[in-house]
Structure formats: structure tokens, C-alpha cells
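Spelled out from the first residue to the last, the chains are:
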Amino acid sequence: DGRAQPTKEDKVQFMIQLNNAATGQFPVQMLYFLKYLVKYGPEGGSPLVDRDLVFYCEVQKFKACSHNYSDEEMLRRKVMSIVDCFLDSHPPPTLQIDIPSEVQQKTVRASQRYLSGKDVNPQIFDEAQFSVFKELLPFWAGFARSYKTPEEGTRRPLTKVEKERLQRLEEILEYD
């Protein structure tokens, strides 16, 4: 199902890759991992596991921006976007990541306190983030056992949007 028993080495490597992914554009290895999650997540009974990865990275970005001289309005918008995209989404299902409902409710309440200015704590997503990490780590272990570094000059994998754009371009070029 795409999972393997993670080792301490897997955990360390995964943390390094997650931190690299959260500091900017996804590294090539993480793009391949995301593709791996899209393939094996639904087969392993975790259809939202690819979103778990994106959620984890977005929370890391939020934490990186939270410091003494940060723009409070930007941080509030970031919290609102994380909640709206992953925890209380308008398109169904409302919960877009694999966490227990009590963790979701607790995190939404903590984010509401953050947004109201009552409890400005950058650790509001920690429990949800830890929950998705536990879900992702066995997939990372399975991925790490099968991943081979691409040869030099090999392009990064195409995203779904990029594939659709290429297909549309092909259709336009073939149109009489």
C-alpha cells in the first residue's frame, strides 16, 4: 500500500526534506514524494494524504514567519487561509486533511483565539501537524526505499495543472 516501517534515519531525512520544502519551492525529491502520495494514498486508505503534506509545509511557513518583528496582519491572513483550505473548507468535505475531528475542533478554536488576538501563539497547529506527520512518515519510508535520484538533466515531475496545460496546448496546435 506504499507504506513501510520507518526507521530513525527515515524520520531524520523526512524532517530535513520537509524543512527544505517549507522554506521555498518543493525540492525535486519532495515533488516525487507528492506524486507517490497521490498514487499510493488512496490505495492505502488515506485519500487525503497528499494534502497532509501541503498542510504540514504551510504550517511550517507560518511558524517561520512568526517572530518578534513579523507583520501581524499577514500572519492572521495566513492562519485564515490554512483554516479555510484545510480545516474548515467550504467545498465538501470540510476537513481536507487526515486528522481526528477532535483535533480539528481544538485547532479551529485555537485559531479563532489567535485571530481575535486573545492567544497569539504560533503553536496553534502543532497537534494537527503532528497528527499528519504520523500519517506521512510510513509513506515516506516506503517512498525512500523505492526512490532513485533522477539523472542529471532529468526534469522534475509535471504537476496535474502542468499536464492539463500541455494537453490543451497540444489540442490547440492540432486544431484545424
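These numbers were taken from a predicted model, which means no experiment stands behind them. Along every chain, residues carry numbers that run from 1 in the direction the sequence is written. Given that the model is predicted, a residue must reach a pLDDT of at least 70 before its local features are reported, and side-chain atom pairs must reach 80 or more before they are shown or counted; all residues, however, enter totals for whole chains, interfaces and linings. Note that water and hydrogens are dropped before the side-chain values are worked out from all heavy atoms of the structure.

Visitor: Mind laying out the overall build of the chain, listing which residues take part and the relevant values?
Guide: Note on conventions: DSSP H or I runs of at least 4 residues are helices, E runs of at least 2 residues are strands, and numbering of each starts at the N terminus. Scanning the chain from N- to C-terminus turns up seven helices and zero strands. Helices and strands appear in the chain in the N-to-C order α-α-α-α-α-α-α. In terms of overall dimensions, the chain has C-alpha extents of about 60 × 50 × 35 Å along its principal axes. Looking at the chain as a whole, 36% of its 176 residues qualify as buried. Accessible areas in this description were obtained via Shrake-Rupley with a 1.4 Å probe; residue shielding takes into account the shown protein chains only. Here the chain displays about 10,900 Å² of accessible surface, and carbon together with sulfur accounts for 53% of that area. With 24 positive and 26 negative side-chain charges, the chain shows a spacing of 4 Å between the two charge centroids. When a residue's accessible area, from a 1.4 Å probe over protein chains only, is under 20% of the maximum for its type it is buried; when over 50% it is exposed; and in between it is partly exposed. Charged residues are defined here as Lys and Arg on the positive side and Asp and Glu on the negative side; His and the ends of the chain fall outside this count. Working definition for charges: the position is that of NZ of Lys, CZ of Arg, CG of Asp or CD of Glu.

Visitor: Account for the nonpolar core, naming residues and giving values.
Guide: Definition of nonpolar core: a set of buried residues of the types Ala, Val, Leu, Ile, Met, Phe, Trp, Tyr and Cys, connected through side-chain atoms within 4.5 Å. Membership of the largest hydrophobic core comes to 40 residues, with the highest contact counts inside it found for Phe-14, Met-30, Phe-33, Leu-53, Phe-55, Leu-87 and Phe-125. The element that contributes the greatest number of residues to this core is helix 6 (residues 126–146), accounting for eight residues. The contacts of Met-30, once residues within four sequence positions are left out, are Phe-14, Gln-17, Leu-18, Ala-21, Leu-53 and Trp-140. Two residues form a contact once any of their heavy atoms are found within 4.5 Å.

Visitor: Describe helix 3 (residues 49–65), listing the residues and the values that go with them.
Guide: Here the expected length of a helix is defined as 1.5 Å per residue gap, with one fewer gap than residues. Helix length check: helix 3, at 17 residues, gives a terminal C-alpha distance of 25 Å against a target of 24 Å (1.5 Å per residue), a fit within 8%. Where helix 3 is buried, its residues touch helix 1 (8–22), helix 2 (28–43), helix 4 (72–87), helix 5 (101–116) and helix 6.

Visitor: Account for the side chain of Ser-70, with residues named and values stated.
Guide: Its location among the elements puts Ser-70 in the loop between helix 3 and helix 4. Any pair of N or O atoms that falls within 3.5 Å is considered a polar contact. Within protein, one atom must be able to donate a hydrogen and the other to accept it, and sequence-neighbouring residues count only if both atoms are side-chain atoms. Here the side chain of Ser-70 touches His-67 through a polar contact of 2.8 Å, landing on its backbone oxygen. Excluding residues within four positions of it along the chain, Ser-70 makes contact with Cys-65 and Leu-75.

Visitor: Before we move on, could you go through the packing of helix 1 against helix 2 and cite the residues and values that matter?
Guide: Orientation is described by axes fitted as lines to C-alpha atoms, over the contacting stretch for helices, and by angles from 0 to 180 degrees between their N-to-C directions. Across the interface, helix 1 lies against helix 2 with an axial gap of 9 Å and an inter-helix angle of 105°. Relative to helix 2, helix 1 is oriented roughly perpendicular. For the pair formed by helix 1 and helix 2, the contact residues are Phe-14, Gln-17, Leu-18 and Ala-21 on the first element and Gln-29, Met-30 and Phe-33 on the second. When grouped by side-chain class, the residues that make up the contact of helix 1 with helix 2 number five nonpolar, two polar and no charged. Should an angle lie under 35 degrees it is considered roughly parallel, over 145 roughly antiparallel, and from 65 to 115 roughly perpendicular; all remaining angles are considered oblique. Under the convention adopted here, Pro, Cys and the residues Ala, Val, Leu, Ile, Met, Phe, Trp and Tyr are nonpolar, Asp, Glu, Lys and Arg are charged, and Gly plus all remaining residues are polar.

Visitor: Report on the packing of helix 3 against helix 6, specifying residues and quantitative values.
Guide: One can describe the packing of helix 3 onto helix 6 by two numbers: an axis separation of 9 Å at closest approach and a directional angle of 135°. Between helix 3 and helix 6, the crossing angle belongs to the class labelled oblique. Here the hand of the crossing between helix 3 and helix 6 comes out left-handed. In this structure, helix 3 contributes Val-49, Asp-52, Leu-53, Phe-55, Tyr-56, Val-59, Gln-60 and Lys-63 to the contact, and helix 6 contributes Asp-126, Ala-128, Gln-129, Val-132, Phe-133, Glu-135, Leu-136 and Phe-139. Here the contact of helix 3 with helix 6 is composed, by residue class, of ten nonpolar, two polar and four charged. By convention, the crossing between two helices is left-handed when the near helix turns anticlockwise from the far helix through less than a right angle, and right-handed when the turn is clockwise.

Visitor: How would you summarise the environment of Cys-65 if you had to cite specific residues and measurements?
Guide: Note on placement: Cys-65 falls in helix 3. Considered as a pair, Cys-65 and Asp-1 are 64 residues apart in the sequence and their alpha carbons are 36 Å apart. Excluding its chain neighbours within four sequence positions, the residues that come into contact with Cys-65 are Ser-70, Met-74 and Leu-75.

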